[in-house]
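Chain by chain, the residues run as shown.
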Amino acid sequence: MTTLLVTGFGPFPGWERNPTPAMVKAVTALRLPGVRIVGHVFNTVYAEVERDLPTLIARHRPDAVLLFGLAGRTGHVRIEQHAHNVTTRRVPDASGAFHASADIRAGAPWRVPTGFACGPLVARLRRAGLNARPSPSAGEYLCNFSYWLALEAVARHEVKRVLFVHVPLPLTAGRSARGDYTRRLTDADLAAVARAAATAITGRSAYFTKPLRRPLAHSARP
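Residues numbered from 1 in each chain as written. Predicted model: local features only at pLDDT ≥ 70, side-chain atom pairs only at ≥ 80, totals over all residues. Heavy atoms only, no water.

Asks: Can you help me understand the nonpolar core in this one?
Replies: For soluble globular proteins, the rule of thumb is that nonpolar side chains tend to be buried together. Judged by nonpolar contacts, the single largest core of 64 residues is most densely connected at L66, F68, L163 and V165. Counting residues per element, this core draws most heavily on helix 4 (residues 142-155), at nine residues. Not counting the four nearest positions on each side in its chain, L66 is found in contact with L4, L5, V6, T7, L163, V165, A194, A197, A198 and I201. (Core = buried A, V, L, I, M, F, W, Y, C linked by side-chain atoms within 4.5 Å. Buried < 20%, exposed > 50% of the residue type's maximum accessible area, 1.4 Å probe, protein only. Helix = DSSP H or I, 4+ residues; strand = E, 2+ residues; numbered from the N terminus. Contact = heavy atoms within 4.5 Å.)

Asks: Looking at this model, I keep getting lost on the state of the cysteines. Mind explaining?
Replies: In a disulfide, the sulfur atoms of two cysteines are held together by a covalent bond. All chains considered together, the criterion is met by zero disulfides. With no disulfide of its own, C118 lies closest to C143 among cysteine sulfurs, the gap being 15 Å. Since its relative accessible area comes to 7%, C118 is described here as buried. The class for C143 is buried, based on a relative accessible area of 8%. (Disulfide = S-S within 2.5 Å.)

Asks: How should I be thinking about the packing of aromatic side chains in this particular structure?
Replies: Tallying each qualifying case throughout the model produces five aromatic pairs. Here Y46 and F145 contribute two aromatic rings whose centre-to-centre distance is 5.1 Å and whose plane-to-plane angle is 80 degrees, an arrangement assigned as edge-to-face. You can see Y46 sitting in helix 2 (residues 46-60) and its partner F145 sitting in helix 4, a full 99 residues away along the chain. Taking the centre distance of 5.7 Å and the plane angle of 45 degrees together, the rings of Y147 and F164 count as tilted. Pair noted here: Y147 is in helix 4 and F164 is in strand 8 (residues 161-167), with a separation of 17 residues, a long-range link. Accessibility classification places Y147 together with F164 in one group, the buried group. Among the aromatic residues, those joined into a cluster by ring pairs are F12, Y46, Y141 and F145. (Phe/Tyr/Trp six-rings, centres within 6.5 Å; stacked < 30°, edge-to-face > 60°.)

Right under this line is the structure:
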C-alpha cells in the first residue's frame, strides 16, 4: 500500500481566497488502487507548519508528499523544481509573524531540488490544454518553507518523493479557456491539475495511460 500525504493552505495576508483546500479535497476523493490518501490544510503560519508537517509525516509515514499553494499573481500552473533556504521579511504569515531568521536552516545549502521528474507532469498538463510550466523557485513564503521541510524528510529517508505545485487564482465565474494558455482557469481545471499530480507522484498506471479530459469547446474571450 502506497500512502500519499496531500496538503494545501488557508488564507494569508492579501489573499483571503485560497483554492488549494478544494484541490486537497479533489485528491482525497480519488480512488486509486493500492493508494491511501491523507489530506491536510495548513493554517498559513510558520510555527504551525513547522510543527504539523513533521508530525503528519511521523504519524502517517507517507511514501509521497504532494503540496499545493496559491501563487496569486501568476497566470499559470507552476511545477516547482526546487526549494530555497530563504524566508521573506516583507510579508508576515497569517498570525502576523515572520520566520525567526532570514534562512530556514543555518549552514544548509542555498537550494535543494526535488527528486521527482517534473517534465512528464508538465507535458501531460499542457497536452490537456492547461498552462503548466516548470518553475525554478517556490518563492520565499510559506509554500517554499513547507517544501523545504518536506524535502528535509526525503533527505532523512522518511519520504520517497515530494512535489510542490503552485496554482493561479481561478475564475469566480465563467467557463474555462483551456487550450488558450491564458489565466482563465476554473476550479474544475485546478481539480484536474490536482488529480494529475496525485496520480503522477504515486506512480499509478492512470498517469501513463489515461489522458486528462479536455473540453471540446472554449468560451469566448471576455
